[in-house]
Amino acid sequence: MSELAVQKNTETSFASPVLKWAGGKGMLLPQLSPKLPNKLRCGAIKKYIEPFVGGGAVFFDISNSYYFEEAYLFDINPELVILYNVIKNNVLELIDELERLQISYFSSTDRKEFYYQMRDEYNSFDKKIDANNYSLSFIRRAALTVFLNRTCFNGLFRVNSKGLFNVPMGSYKNPRILDRENLIAVSKALSKATILQADFAKALDFADNNTFIYYDPPYRPLKDSSFTTYAVETFDDNEQIRLKDVFEQAHKLGALQMLSNSDPTNLGPDPFFDDLYHNYNIYRILAKRLINANSDGRGEIREILITNYGV
Ligand SMILES: C[S@@+](CC[C@H](N)C(=O)[O-])C[C@H]1O[C@@H](n2cnc3c(N)ncnc32)[C@H](O)[C@@H]1O
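Values in this document were obtained by computation on a predicted structure and should not be read as measured data.

Engineer: Quick question: what am I supposed to make of the pairing of strand β1 (residues 47-50) here?
Structural biologist: Remark: a regular strand shows side chains that alternate across the two faces of the sheet. Summarising the sheet, β1 and strand β2 (residues 70-75) pair through 4 bridges and their orientation is parallel. Bridge assignment links I49 to a residue of β2, and that residue is Y72. Read as a crossover between parallel neighbours, the route from β1 over helix α3 (residues 57-65) to β2 is right-handed. In the sheet, β1 pairs with strand β4 (residues 211-215) via 3 bridges, with the strands oriented parallel. When the bridges of β4 are listed, Y48 appears paired with F212.

Take a look at the structure:
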């Protein structure tokens with residue numbers, strides 16, 4: 001085994017997602033891990049790109065385990081990009097802000113009133129702001145993203161058509177608003193990352209033959225259930241096809257790539273992804289997901305995993 005083999009990243013302590021996020025891949029990590037490319041395991045990948053970073057479960061898991069020089073993380077959600085850049089650049093100030101919020105929340109005689117005050121403040125921020133133009137004013141905004149995610153109903157992130165966060169208060173007795181150790185670990189993991197509010201096609205600006213890309217787009221909804229809980233459902237089949245074109249172009253640039261999605265064959269014959277990615281490797285893995293069609297709302301279903309390399 002070469003010296004590079006299983007090059008563990010010793011510089012960062014264990015980082016895990018800061019937010020609860022729809023479609024988070026935390027539960028799937030044991031199934032995704034064996035399908036990662038050997039080139040990543042042996043430390044020969046220089047760039048990691050995740051164009052739909054969401055809660056970042058996969059990025060954090062990979063950066064806890066493997067060494068790479070730089071990461072490029074994108075999402076179209078501006079609040080995620082603002083939060084990750086604040087954690088990267090101003091983590092101590094964010095910790096102070098969260099500590100103040102935590103104290104105020106726990107000592108408040110009317111938590112409900114406090115929650116809705118914070119939600120109003122959050123909704124008063126400029127929704128048209130350029131999330132890629134970093135500003136210190138983002139610290140408070142990022143703190144409120146964490147606070148609301150920890151205290152709202154089900155840890156949902158949901159905005160209405162005007163971009164206003166509209167999730168009611170949750171019923172957690174003792175929500176952990178500040179997790180100092182994790183924020184420090186996440187800040188270290190993000191120190192080598194460029195985090196941008198961008199469309200997934202941005203990956204093509206950075207992909208080369210020393211790159212690994214993991215794509216986790218919004219699920220293609222199964223016919224009689226809805227797994228997607230994002231605010232604006234714009235990720236239709238045309239978007240899935242546009243994504244496949246990006247996959248193809250990055251393949252030509254020499255990048256190693258893995259993509260996950262829901263498996264339409266769960267509900268009967270539907271060769272959508274099998275046709276779209278017929279030139280690549282397609283695997284099926286089992287996932288525990290919310291399924292509206294089931295009476296108890298839960299079940300094991302297949303998800304699809306596509307790679308352009310053998311495992
Ligand atoms: C399934 S989630 C990713 C979950 C993530 N893997 C995790 O573990 O938390 C999909 C993400 O794609 C983002 N998204 C939707 N359309 C996008 C686009 N065109 N370009 C980039 N990101 C997009 C959504 O905001 C969402 O955060």
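Engineer: Just checking my understanding: could you explain unusual backbone geometry for this structure?
Structural biologist: Excluding glycine, a negative phi dihedral is what most residues carry, and trans is how most peptide bonds are arranged. Non-glycine residue N154 carries a positive phi angle of around 60 degrees. When you line up the elements, N154 lands in the loop between α7 (138-151) and α8 (180-190). Judged by the 13 C-beta atoms lying within 10 Å of it, N154 is partly exposed.

Engineer: I would appreciate a short explanation of the pairing of strand β3 (residues 193-197) in the present structure.
Structural biologist: On β3, burial follows the alternation: A193, I195 and Q197 on one face are buried, whereas T194 and L196 on the facing-out side are not. Here β2 runs beside β3; their pairing, made up of 5 bridges, is parallel. Note that in β3 the partner of F74 across the bridge is L196.

Engineer: Got a minute to help me understand helix α9 (residues 237-252) in this structure?
Structural biologist: An α-helix turns once per 3.6 residues; consequently, residues spaced three or four apart project the same way. For α9, with 16 residues, the first-to-last C-alpha span of 23 Å sits near the 22 Å given by 1.5 Å per residue. Along α9, the residues that are buried comprise L243, V246, F247 and A250. In an axial view of α9, the angular spread of the buried residues amounts to 105 degrees, which keeps them on one side of the axis. α9 presents D237, N238, I241, D245 and K252 as exposed residues on the side facing more than 90 degrees away from its buried surface. Those residues of α9 hidden inside the fold are in contact with β4 and β5 (256-262). Where α9 ends, the next residue or the one after it, G254, has phi of about 95 degrees, a positive value.

Engineer: Could you clarify how one ought to interpret the site of the ligand in this entry?
Structural biologist: Around the ligand, the surrounding shell holds 22 residues, and the nearest of these are G23, F52, G54, G55 and D216. Mapped by element, the contributors of at least two residues to the shell around the ligand are α3 and β2. The residue inventory of the shell around the ligand, partitioned by class, reads 12 nonpolar, 6 polar and 4 charged.

Engineer: Could you clarify how one ought to interpret the packing of helix α4 (residues 78-89) against α7 in this entry?
Structural biologist: The packing of two helices is summarised by the inter-axis angle and the distance between the axes. Here α4 crosses α7 at 110 degrees, and the two axes come no closer than 9 Å. As judged from the angle between their axes, α4 and α7 are roughly perpendicular. The two elements α4 and α7 meet at a crossing, and its hand is left-handed. Residue-level contacts link E79, I82, L83, N85 and V86 of α4 to F138, I139, R141, A142 and T145 of α7. Residues of the contact of α4 with α7, tallied by class, amount to 6 nonpolar, 2 polar and 2 charged.

Calculation rules
Residues numbered from 1 in each chain as written. Predicted model: local features only at pLDDT ≥ 70, side-chain atom pairs only at ≥ 80, totals over all residues. Pairing = 2+ DSSP bridges. Helix = DSSP H or I, 4+ residues; strand = E, 2+ residues; numbered from the N terminus. Right-handed = clockwise from strand over helix to strand, strands pointing away. Buried ≥ 20, exposed ≤ 12 C-beta atoms within 10 Å, placed from the backbone. Expected span 1.5 Å × (residues − 1). Arc of directions from axis to C-beta. Contact = placed C-beta atoms within 7 Å. Near = placed C-beta within 6 Å. Nonpolar A, V, L, I, M, F, W, Y, C, P; charged D, E, K, R; others polar. Axes fitted to C-alpha atoms, helices over the stretch in contact; angles between N-to-C directions. Parallel < 35°, antiparallel > 145°, perpendicular 65-115°, else oblique. Left-handed = near helix turned anticlockwise from the far one by under 90°.

These figures capture arrangement, not role.
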